[in-house]
Amino acid sequence: MLALGVAHCRILQIGDPLLREISRPASETEAEPVFCELRDTLHEFRRTNGFGRGISAIQIGVALRLIYIEFEGQPYCLRNPVMEPVGDATFDLWDDCFSFPNLLVRLRRSQTVRLQWDTETGDTATLEASGAFSELIQHEMDHLDGVVAVDRALDRNSFCTREEYERRYLRHSIVSETLTRSLV
Ligand SMILES: [Zn+2]
């Protein structure tokens, strides 16, 4: 469905008041060109930074409820997504964001969520996600309501620059894979 050749966009950085906007529902006509821009911007970010799995429209300055995710090789164009947690289980992780790529934030997410969104044909699709996919969805859903990961920091020790994070957590630990899978 997505056309080729759309240029990537600048990603808004934290401090830009637009990131605090509450996005509004999008029609399919509005959504399609934005999904193209989100896809190309995600790919460009990944080319330059070596990570990146999801982006919300507000991060390129478009206040529509649109999220583009690539997870385990599968693209998801999520229009007007609605999410609810499944059960009470949670887990803590170091999270980061395209909008502050050099900062990590320790926060808590639901283990499993159920997601529903509008497809390009006007139908409703659903999925249930756990673990890494679940926290990725929760991160992007926050953006639609003007919430960024720093708002969810567990306490004053929940902030870490990427440089310090790599020094402190990656060098000595075999569990680095678990700690870094939150890179969105
Ligand atoms: Zn983000």
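It should be noted that the structure appears before, not after, this text.
Here the structure is a predicted model, which means the values were calculated and not measured. (Residues numbered from 1 in each chain as written. Predicted model: local features only at pLDDT ≥ 70, side-chain atom pairs only at ≥ 80, totals over all residues.)

In terms of regular secondary structure, the protein is built from four helices and eight strands. Starting at the N terminus and walking to the C terminus, you meet the elements of the protein as α-β-β-β-β-β-β-β-α-β-α-α. When burial is assessed residue by residue, the protein has 34% of its 184 residues classed as buried. Put simply, of all contacts in the protein between residues at least 6 apart along the chain, 69% involve residues at least 24 apart. (Helix = DSSP H or I, 4+ residues; strand = E, 2+ residues; numbered from the N terminus. Buried ≥ 20, exposed ≤ 12 C-beta atoms within 10 Å, placed from the backbone. Contact = placed C-beta atoms within 7 Å.)

Within the largest apolar cluster, 35 residues are counted, with the highest numbers of intra-cluster contacts made by Leu38, Leu66 and Tyr68. At the level of elements, helix 1 (28-49), strand 2 (66-71), strand 3 (74-85), strand 5 (103-110), strand 6 (112-118) and helix 2 (131-144) are the ones that each hand at least two residues to this core. Those residues within four positions of tyrosine 68 in sequence are excluded, and the remaining contacts are Phe35, Leu38, Arg39, Leu42, Gly54, Ile55 and Cys77. (Core = buried A, V, L, I, M, F, W, Y, C linked by C-beta atoms within 7 Å.)

So, about unusual backbone geometry. The phi dihedral of glutamate 72 is positive, around 50 degrees, even though this residue is not glycine. For glutamate 72, the position within the fold is in the loop between strand 2 and strand 3. Although it is not a glycine, asparagine 80 adopts a positive phi angle of roughly 50 degrees. Structurally, the position occupied by asparagine 80 is in strand 3. Judged by the 20 C-beta atoms lying within 10 Å of it, asparagine 80 is buried.

On the basis of which strands lie adjacent, the open sheet formed by three strands has the order 4-5-8 and antiparallel pairing. Looking at strand neighbours, the two that pair on one side only are strand 4 (90-95) and strand 8 (159-161), the edges of this open sheet. Averaged over all neighbouring strand pairs, the angle between strand axes comes to 30 degrees, with direction disregarded. Pairing geometry for strand 5 and strand 8, over three bridges, is antiparallel. Within strand 8, the residue paired with valine 105 across the bridge is phenylalanine 159. Packed on one face of the sheet, helix 2 meets strand 4 and strand 5 and runs near 105 degrees to strand 5. Its contacts with the sheet put helix 3 (residues 162-170) on strand 4, strand 5 and strand 8, and the angle it makes with strand 8 is roughly 95 degrees. (Pairing = 2+ DSSP bridges. Axes fitted to C-alpha atoms, helices over the stretch in contact; angles between N-to-C directions.)

A few words on the sheet that holds strand 6. Here we have five strands laid out as an open sheet, ordered 1-2-3-6-7, and antiparallel in their pairing. Sheet topology places strand 1 (54-56) and strand 7 (124-130) at the edges, where each strand pairs with a single neighbour. With strand direction ignored, the average angle separating the axes of adjacent strands in the sheet is 40 degrees. In this sheet, strand 3 lies alongside strand 2 in antiparallel orientation, the contact comprising six bridges.

Quick look at helix 2 now. It helps to recall that an α-helix has 3.6 residues per turn; residues three or four apart then point in one direction. Its 14 residues place the ends of helix 2 21 Å apart at the C-alpha level, agreeing with the 20 Å of an ideal helix rising 1.5 Å per residue. Counting buried residues along helix 2, 12 of its 14 residues qualify, which places the element largely inside the surrounding structure. Among all positions in helix 2, only Phe133, Ser134, Glu135, Leu136, Ile137, Gln138, His139, Glu140, Met141, Asp142, His143 and Leu144 are buried. (Expected span 1.5 Å × (residues − 1).)

By the secondary structure assignment, isoleucine 69 is in strand 2. We classify isoleucine 69 as buried; it has 23 C-beta atoms within 10 Å. Taking the C-alpha atoms as reference points, isoleucine 69 and glycine 52, separated by 17 residues in sequence, lie 9.1 Å from one another. Excluding its chain neighbours within four sequence positions, the residues that come into contact with isoleucine 69 are Arg53, Gly54, Tyr76, Leu78, Leu136 and Glu140.

Turning our eyes to something else, we now look at the pairing of strand 6. Both strand 3 and strand 6 contribute to a ladder of five bridges, which runs antiparallel. Bridging across to strand 6, glutamate 84 finds its partner in arginine 114. When strand 6 meets strand 7, the two strands line up antiparallel, connected through seven bridges. For threonine 112, the partnering residue across the bridge sits in strand 7 and is serine 130. In this structure, the hairpin formed by strand 6 and strand 7 is closed by a connection of five residues, where glycine 122 is found at a positive phi of approximately 90 degrees.

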